[in-house]
Amino acid sequence: RADGMELELSQVTEWVSAAALALGRVAGLVMVAPIFSSKSIPRRVRAAFVVMLTIVLIPLAPRGNLPDALSLSGMAVMVEQVAIGAMLGFILRVLFEAVAFGGELVGIGMGLSFGRTVDPSNGTSTPVASQLYMMLATLLFLAMNGHLELIRLLASSFTSLPPGPATLGRETFWAIAGLGSALFSGAVRVALPAMIALLVVNLGFGVMSRAAPSLNLFAIGFPVTLIVGLLMMWLSLGSLAPTFTMLVDHAFSAIRDLLGMP
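Conventions and cut-offs
- Residues numbered from 1 in each chain as written.
- Predicted model: local features only at pLDDT ≥ 70, side-chain atom pairs only at ≥ 80, totals over all residues.
- Heavy atoms only, no water.
- Axes fitted to C-alpha atoms, helices over the stretch in contact; angles between N-to-C directions.
- Helix = DSSP H or I, 4+ residues; strand = E, 2+ residues; numbered from the N terminus.
- Left-handed = near helix turned anticlockwise from the far one by under 90°.
- Contact = heavy atoms within 4.5 Å.
- Nonpolar A, V, L, I, M, F, W, Y, C, P; charged D, E, K, R; others polar.
- Phe/Tyr/Trp six-rings, centres within 6.5 Å; stacked < 30°, edge-to-face > 60°.
- Buried < 20%, exposed > 50% of the residue type's maximum accessible area, 1.4 Å probe, protein only.
- Parallel < 35°, antiparallel > 145°, perpendicular 65-115°, else oblique.
- Expected span 1.5 Å × (residues − 1).
- Core = buried A, V, L, I, M, F, W, Y, C linked by side-chain atoms within 4.5 Å.

J.: Got a minute to help me understand the packing of helix α3 (residues 72-110) against helix α4 (residues 128-143) in this structure?
T.: Any two packed helices are characterised by the angle at which their axes cross and by the distance between the axes. Packing of α3 against α4 brings their axes to within 7 Å, and their N-to-C directions diverge by 140 degrees. Classified by chirality, the crossing of α4 by α3 is right-handed. Two secondary-structure elements touch here, α3 through Leu92, Phe96, Glu97, Val99, Ala100, Gly103, Glu104, Val106 and Gly107 and α4 through Ala129, Ser130, Tyr133, Met134, Ala137, Thr138 and Phe141. Split into classes, the residues belonging to the contact of α3 with α4 amount to 10 nonpolar, 4 polar and 2 charged.

Shown next, in the form of structure tokens:
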């Protein structure tokens, strides 16, 4: 009877450790990943989503050779699981922020850097053009089921990268840093057509100011720059979807490489 009780307690401890480690990885993802971490979603809803997703993913979490969740080694592994989930979400967060940065560059060229609006996802004020590109990126990400692919990668990570000590290495963080530079350069390509057109317009006004110094370029230049910028933004929207899809595929491919997936 005592042996049976000891076996039952060991099983309970094993289940609690597996559930805690799965909860840490899911919570890290939801805290950082775009859309999931939006401040417009109430905290109770996000907490309920974390618990529900953890319950679904607990059967995938390994249960053997896991440290006790209340021990020092177990807490260290728990922190690492949160870091792994945050790493997955951070890669996509960099992608979305890069697209928003491209929109901000276009807004600055159009003279709309002073026009700001409240971003409900971050709770801060952002330029209007940046908010527009962020909304388009969010809609495209949902339309291509990127949120479902992210959850699928999270579920597969328990098999390819099981919880354990010293899972993350220095090379992982260097890989994420290199990926961030690649995503930012790709996002600049989203805003490149409008930026080039606005540069040509500003160069033209510079030539006009030298040819006709008495011309009031401020009264003429601002509306022309604004109209050209809006026109180029409209014309470049057709290339936004394939470029953003390519960047998302690149980000998911990098996540698979970091997790050791084929």
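J.: Which parts of the structure should I look at to understand the packing of aromatic side chains?
T.: Enumeration according to the criterion identifies 4 aromatic pairs in this entry. Residues Phe96 and Phe141 carry aromatic rings whose centres are separated by 5.4 Å and whose planes lie at 80 degrees to one another, so their mutual orientation is edge-to-face. In this pair, Phe96 sits in helix α3 while Phe141 sits in helix α4, placing the two residues 45 residues apart along the sequence. Note on accessibility: Phe96 and Phe141 belong to one class, buried.

J.: I tried to follow unusual backbone geometry on my own but got confused; where do I start?
T.: Glycine aside, negative phi is the norm for most residues, and most peptide bonds take the trans geometry. Phi at Ile35 is positive, roughly 75 degrees, even though this residue is not glycine. In this model, Asn145 sits at a positive phi of 60 degrees, which is unusual for a non-glycine residue. Note on placement: Asn145 falls in the loop between α4 and α5 (146-160).

J.: I keep staring at the packing of helix α2 (residues 43-57) against α5 and nothing clicks. Help me out?
T.: It is at 11 Å that the axes of α2 and α5 come closest, and there the two elements cross at 50 degrees. The angle between α2 and α5 places the two elements in the oblique class. Regarding α2 and α5, the two cross each other, and that crossing is right-handed. On α5, the residues that touch Phe49, Leu53 and Leu57 of α2 are Ile151, Leu154, Ala155 and Phe158. Broken down by class, the residue content of the contact of α2 with α5 amounts to 7 nonpolar, no polar and no charged.

J.: Quick question: what am I supposed to make of the environment of Phe205 here?
T.: Structurally, Phe205 can be placed in helix α6 (residues 170-211). Classification of Phe205 by relative accessible area gives buried; the value is 12%. Taking the C-alpha atoms as reference points, Phe205 and Ile220, 15 residues apart in sequence, are found 9.3 Å from one another.

J.: What is the right way to read α4 from this model?
T.: Each α-helix winds once per 3.6 residues, and so residues spaced three or four apart point in a common direction. Here α4 is 16 residues long and its end C-alpha atoms lie 23 Å apart, about the 22 Å a rise of 1.5 Å per residue gives. Taken together, the buried positions of α4 are Ala129, Ser130, Gln131, Tyr133, Met134, Ala137 and Phe141. Two residues or fewer after α4 comes Asn145, characterised by a positive phi angle close to 60 degrees.

J.: In this structure, what is going on with the nonpolar core? I would like to understand it.
T.: Generally speaking, a soluble globular protein has its nonpolar side chains buried in company with each other. Formed by 54 residues in total, the largest nonpolar core has its most connected members in Phe244 and Phe252. Secondary structure elements with two or more residues in this core: α1 (2-32), α2, α3, α4, α5, α6 and α7 (217-259). Per-element accounting of this core gives the leading share, 12 residues, to α3. Aside from chain neighbours lying at most four places away, what touches Phe244 is Leu95, Phe96, Val99, Ala137, Leu140, Phe141 and Met144.

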